[in-house]
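Coordinate inspection notes
Okay, here's what each chain looks like letter by letter:
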Protein chains: 2
Amino acid sequence: MQSKLEADKNDLMESNIDWAMVNGLMIHPIDKNSGVACPIHIPFALVPSPYPLESYQLAYELQPLANLLVDQVANDKTFMDSVFQEVAKVDDFTKRLYQVYLETLRQPHHQTIKLGIHRSDYLLHIAADGVPKLRQIEINTISAGLPSLSSLASRLHRFNLDSPLLPAKLQLEKFPNATLPMSESLSGVANGIGEAWKLYNRPNSIVVMLVQPNEFNIFDQRWIEYTLRNNYGVRLMRKTLTEMDAQSRLEGSENRLFVDNVEVAVVYYRAGYTPRDYPSEREWTARTTIEISNAIKCPNIAYHLAGSKKIQQILAFPGVLERFLFRKSDVEKFRSTFAGLYPLDDSEEGRLAYQMAISNPEKFVLKPQREGGGTVTTSLTINIERDML
Amino acid sequence: MQSKLEADKNDLMESNIDWAMVNGLMIHPIDKNSGVACPIHIPFALVPSPYPLESYQLAYELQPLANLLVDQVANDKTFMDSVFQEVAKVDDFTKRLYQVYLETLRQPHHQTIKLGIHRSDYLLHIAADGVPKLRQIEINTISAGLPSLSSLASRLHRFNLDSPLLPAKLQLEKFPNATLPMSESLSGVANGIGEAWKLYNRPNSIVVMLVQPNEFNIFDQRWIEYTLRNNYGVRLMRKTLTEMDAQSRLEGSENRLFVDNVEVAVVYYRAGYTPRDYPSEREWTARTTIEISNAIKCPNIAYHLAGSKKIQQILAFPGVLERFLFRKSDVEKFRSTFAGLYPLDDSEEGRLAYQMAISNPEKFVLKPQREGGGTVTTSLTINIERDML
């Protein structure tokens with residue numbers, strides 16, 4: 001017979017899975033074999049993990065600086081040119097994005113309102129001295145996903161911490177200094193889009209969410225749509241880049257963007273960050289149309305490019321952060337989170353980095369310029385590459 | 001190319017299916033062939049159906065009378081005996097329930113607090129004169145399902161009526177006299193259970209929801225559990241009758257009910273209404289233990305029996321309603337909703353009813369005493385039975 005603890009654990013688990021389902025903490029993958037789309041709960045932990053308050057607060061303080069930094073970089077044409085003229089030589093996808101960026105600058109009219117929804121990813125590094133250190137992995141400036149599901153996960157954790165099924169040793173009151181901040185990322189993102197829509201200031205205009213076909217993470221996106229509808233009464237249309245090519249047009253000297261004859265106030269990108277999203281020239285045409293339009297882009301092409309790994313790497317060079325952040329204390333705070341980031345190009349630094357990676361592959365990961373999950377190459381592959389040399 | 005109306009309809013449909021999924025408007029059936037349990041949205045209409053306000057208000061007014069009637073009938077031992085001694089002769093299942101009822105009356109202690117969650121089902125009958133008439137089909141006094149999903153359906157309809165995707169001719173403002181009352185049945189049911197728990201007045205006690213194994217309607221039930229937890233901080237345990245037999249016991253002269261060593265304040269039945277729920281004597285033992293216990297039952301065995309079709313049929317006899325409802329206007333209001341209800345026993349009325357059913361099978365349905373979906377036999381089967389004679 002199972003123990004009470006075991007029984008409670010099973011109850012808690014079953015109850016959690018159902019909670020996840022009735023509250024939409026789900027993804028919607030299509031089974032490749034059967035073709036059946038069956039919504040399933042996302043993987044989640046039953047209770048939150050302890051995290052050093054200082055590191056949490058630091059991450060919180062850094063985000064406005066990160067946002068400022070993206071904006072400053074995106075506005076600095078000289079800097080952008082210097083970076084992307086080099087990247088364009090080796091990375092065709094970034095080259096196309098850079099061309100769109102240059103195209104926008106050639107337009108007589110610009111939409112001057114910019115909307116950024118950025119997510120900084122960190123790892124917590126415990127050094128030899130035992131002091132936890134925040135290490136920034138990347139800033140996502142386009143399609144920063146999971147705001148809805150992370151808000152729900154935080155509600156689920158609150159639900160469990162209040163549960164009589166939770167073993168006593170895990171209950172929050174056992175940790176007198178602990179707090180459980182609730183994630184407000186869903187309303188934050190939806191309200192950000194809603195405020196941009198208000199700034200555009202045309203009551204009948206709508207929001208377009210640019211999506212990939214057969215998106216498995218659709219519930220994360222739907223929550224944003226419904227919250228936006230609920231809080232601002234705004235309609236959101238889901239469109240792929242291919243659909244935008246067929247259904248959108250520009251109007252007037254201001255390049256106002258229309259889809260299905262409805263004016264678009266905001267284009268929120270949940271696609272367009274990977275070469276797979278551009279199977280033909282039509283998608284590039286759509287992207288260019290959107291970028292040169294008067295719609296508020298989240299992000300615009302400059303913000304998108306400013307999130308490149310190459311930018312992040314160059315920002316780590318001595319003296320570069322100082323070009324964009326004016327307070328010495330901000331620079332130091334920001335720099336304290338930098339993990340080592342190295343190029344793999346023909347420069348002297350690139351050759352050195354290559355040697356380091358080949359010699360100690362377990363200490364490195366490879367990452368392409370662009371965004372999107374599943375693009376990290378870990379030591380295993382580096383080892384294979386080395387052995388093939 | 002599809003028209004804008006077609007495109008909007010598709011958008012609305014897709015958006016609705018996802019809305020149903022992120023908001024838990026779902027059931028969780030297990031596919032009999034594959035064994036896979038895949039949550040799916042329930043079937044729903046995109047917009048609410050028009051309904052005569054007068055009939056709606058009448059149903060609203062009648063419910064407190066129906067509740068009073070159930071209570072009066074359940075308290076009238078002479079009446080109950082006269083009905084169920086007869087039914088017991090032909091219906092083994094009802095006989096067992098009646099025996100449990102008698103057993104409770106033999107106990108020195110009774111729980112005097114009763115909790116009823118009753119749902120009256122109506123059809124709207126449009127007679128030859130064109131005037132819509134409310135026709136009561138049955139009162140469900142046990143396991144009245146779908147309070148959660150119907151609340152969600154009402155929210156979904158509100159969502160659609162506010163949607164710019166809705167064809168103009170369907171929009172609410174096109175119907176100046178129309179209103180869309182929101183269903184509060186989820187919070188109503190959860191708060192009913194919560195108030196019973198408060199009356200029981202033992203802070204560490206819990207609620208047991210009696211469930212069927214592999215319940216496909218689990219999300220309807222989970223919403224009640226989570227709302228109860230949220231509004232009252234009460235734990236709800238899900239148990240089958242078989243589990244109750246193994247895990248429950250009575251304690252003290254008051255017959256306090258314990259499950260897994262936790263005291264039970266309220267037992268909320270979402271099972272136990274069909275012979276299938278009693279595969280062995282163990283489940284009858286569990287049912288008896290619960291009924292003679294001090295826990296507040298929703299419903300208790302007397303309320304359960306008072307919901308029998310036989311009771312409903314007898315209430316339709318001239319003069320019977322007057323025994324239980326004291327105001328003449330209430331009696332008339334109630335009687336105005338009665339559909340014809342006939343016995344199929346050896347009485348003269350039963351033999352007449354049999355002849356009527358055989359002669360005009362398309363005008364009748366057969367219904368067993370007990371609750372639960374899928375138990376109605378329609379004219380097709382009556383025809384087959386006739387042809388087999």
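Since this is a predicted model, take the numbers as computed values, not measurements. (Residues numbered from 1 in each chain as written. Chains lettered and ligands numbered in written order. Predicted model: local features only at pLDDT ≥ 70, side-chain atom pairs only at ≥ 80, totals over all residues. Heavy atoms only, no water.)

1. Structural notes on the state of the cysteines
Using the following cut-off: Cysteine sulfur atoms that pair up within 2.5 Å are treated as a disulfide. Put simply, DSSP H or I for four residues or longer makes a helix, DSSP E for two residues or longer makes a strand, and each gets a number counted from the N terminus. Relative accessibility thresholds used throughout: buried, under 20% of the residue-type maximum; exposed, over 50%; partly exposed, between the two (1.4 Å probe, protein chains only).
For the structure on display, the rule yields 1 disulfide over all chains. Paired by a disulfide, A:C38 and B:C38 hold their sulfur atoms 2.5 Å apart. Across the S-S bond linking A:C38 and B:C38, the dihedral sits near 135°, which makes this disulfide right-handed. One end of the pair, A:C38, is in the loop between β1 (26-27) and β2 (40-41); the other, B:C38, is in the loop between β1 (26-27) and β2 (40-41), on a second chain. This pair shows no difference in class: A:C38 is buried, exactly as B:C38 is.

2. Some words on unusual backbone geometry
Looking along the chain, the bond that leaves A:C298 and enters A:P299 is cis, with omega of 0°. One non-glycine residue, A:N201, lies in the positive phi region at around 65°. For A:N201, a relative accessible area of 61% corresponds to the exposed category. The phi torsion at B:N214 lies on the positive side, around 55°, for a residue other than glycine.

3. A short note on the relation of the copies chain B and chain A
Where we set the bar: Superposing copies: least-squares fit, C-alpha atoms only, residues required to have pLDDT of at least 70 in both. The contact criterion used is simple: two residues touch if any of their non-hydrogen atoms lie within 4.5 Å.
With an axial shift of 0.0 Å and an RMSD of 0.0 Å, the rotation relating chain B to chain A amounts to 180°. Such a turn and shift between the copies fits a two-fold axis. Comparing contact sets, 100% of the residues at the interface of chain B also lie at the interface in chain A, consistent with an isologous, same-surface contact.

4. Some thoughts on the UniProt feature "binding site: Mg(2+)" (unreviewed entry) in chain A
Residue and element names in this part refer to chain A. Basically, it comes down to this: UniProt positions are given in the numbering used here, feature names are shortened, and annotations may be inferred rather than shown by experiment.
Within this numbering scheme, the UniProt entry marks E138, N140 and E371 as carrying the feature "binding site: Mg(2+)" (unreviewed entry). Along the chain, the position of E138 falls in strand β4 (residues 132-140). For E138, a relative accessible area of 8% puts it in the buried group.

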